[in-house]
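# What the coordinates show
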Amino acid sequence: LPAFQEEAKEVIVPRKAVLEARKILEESDEPVTVAIGDNYIQFIRPDITMVSKLVNGRFPNYNRVLPPVDAGTPMLVNKDDLLAMVKRMTVLSNEKSRGILLSIKGGELSIDTTNPEQEAADEKLGVDYDGDTMKIGFNARYLYEIIASIEADEICFRLRGEKFPVLITDAKRDRFLFVLMPMRV
């Protein structure tokens, strides 16, 4: 093996390469060396080497849209109940925008949606929220994917206003942060 230098380098690795590298890391306890060239990345183990092209360009500065973890009023909600509710709303939402409207008042969350065929749905769910009354729209599919990927029983939404990005985390620990941009519904 050639001598590798350790240096900080920012790269964008394709999703498929990340998934394959994960498999390599999980199937053995042997150390893996990562080598980064101008347009490729290598994952090297004594018995296998994986090479992938890198994505050209710079990753967007996510810190510009990531709200502070403690900003906004928290809304705590049961993950399974919300997931089921959003799944039902997705079925009736407009196929193009997938827009749903969340209305939060006191300890109640109401989600409603309509579609061009004049079909509508409205459901309510109890939440732990002590902030101002708020109506905020989201893409149902994006919201569903975020909720489904959180493993906790309870989810925390940090709400700062109807036009601000919402930070979504596990209610007990904020190991993973999700930012969801609101939309007009």
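Shown above is the structure to which this text applies.
Residues numbered from 1 in each chain as written. Predicted model: local features only at pLDDT ≥ 70, side-chain atom pairs only at ≥ 80, totals over all residues. Heavy atoms only, no water.

### Some points on the nonpolar core
- With 31 residues, the main nonpolar core has L82, I111, L143, F157 and I168 as its most contacted residues.
- The element that contributes the greatest number of residues to this core is helix α2 (residues 79–92), accounting for 5 residues.
- Apart from residues lying up to four places away in sequence, I111 is in contact with L82, M85, V86, M89, I100, L101, L102, A121, D122 and E123.
- Among the nonpolar cores identified, the runner-up in size contains 7 residues, and A17, I24, F43 and M50 belong to it. (Core = buried A, V, L, I, M, F, W, Y, C linked by side-chain atoms within 4.5 Å. Buried < 20%, exposed > 50% of the residue type's maximum accessible area, 1.4 Å probe, protein only. Helix = DSSP H or I, 4+ residues; strand = E, 2+ residues; numbered from the N terminus. Contact = heavy atoms within 4.5 Å.)

### Focus on helix α3 (residues 140–149)
- For α3, the full list of buried residues reads A140, L143, I146 and I147. Projected down its long axis, α3 shows its buried positions confined to an angular sector of 130°, all on one face.
- Lining the buried residues of α3 we find α2, β5 (99–105), β9 (134–139), β10 (154–159), β11 (166–170) and β12 (178–180).
- Here α3 starts with a cap whose side-chain oxygen sits 2.8 Å from the backbone nitrogen of R141, and that cap is N139. (Arc of directions from axis to C-beta. Polar contact = N/O pair within 3.5 Å; in protein donor to acceptor, adjacent residues only side chain to side chain.)

### Concerning the side chain of S103
- For S103, the position within the fold is in strand β5.
- Leave out the neighbours within four places in its chain, and S103 touches E108, L109, S110, D112, M134 and K135.

### A closer look at the side chain of T90
- Along the chain, T90 turns up in helix α2.
- In this structure the side chain of T90 is engaged in a polar contact, spanning 2.8 Å, whose partner is the backbone oxygen of V86.
- Those residues in contact with T90 that lie beyond four places of it in its chain are R98 and A140.

### Digging into a nonpolar patch on the surface
- Together, F59, Y62, V65 and M181 line one region of the surface with nonpolar side chains, adding up to about 450 Å² of accessible area.
- With respect to the helices, strands and loops of the structure, M181 is situated in the segment after β12. (Patch = residues over 30% accessible without salt bridge, like charges linked within 9 Å, V, L, I, M, F, W, Y side chains within 5 Å. Areas by Shrake-Rupley, 256 points an atom, 1.4 Å probe, with all protein chains shown as cover. Salt bridge = Lys/Arg side-chain N within 4 Å of Asp/Glu carboxyl O.)

### Digging into the sheet that holds strand β3 (residues 48–53)
- Spatially, the 3 strands line up as an open sheet ordered β1-β2-β3, and their pairing is antiparallel. The sheet terminates laterally at β1 (33–36) and β3, the two strands that pair on one side only. Averaged over neighbouring strand pairs, the angle between their axes works out to 15° when direction is ignored.
- Taken together, the 4 bridges between β1 and strand β2 (residues 40–45) define a ladder with antiparallel strand orientation. Across the sheet, residue A35 finds its bridge partner in β2, namely Q42. (Pairing = 2+ DSSP bridges. Axes fitted to C-alpha atoms, helices over the stretch in contact; angles between N-to-C directions.)

### Considerations on the layout of surface pockets
- What the second largest pocket holds in volume is close to 240 Å³.
- What lines the second largest pocket is simply S149, I150, E151, A152, D170, R173, D174, R175, F176 and F178.
- The residue inventory of the lining of the second largest pocket, partitioned by class, reads 4 nonpolar, 1 polar and 5 charged. (1 Å grid on protein atoms, 1.4 Å probe; cavity = no way out; pocket = protein on both sides within 12 Å on 5 of 7 lines; lining within 4 Å. Points joined across faces, edges and corners; volume = space filled by probe spheres on them. Nonpolar A, V, L, I, M, F, W, Y, C, P; charged D, E, K, R; others polar.)

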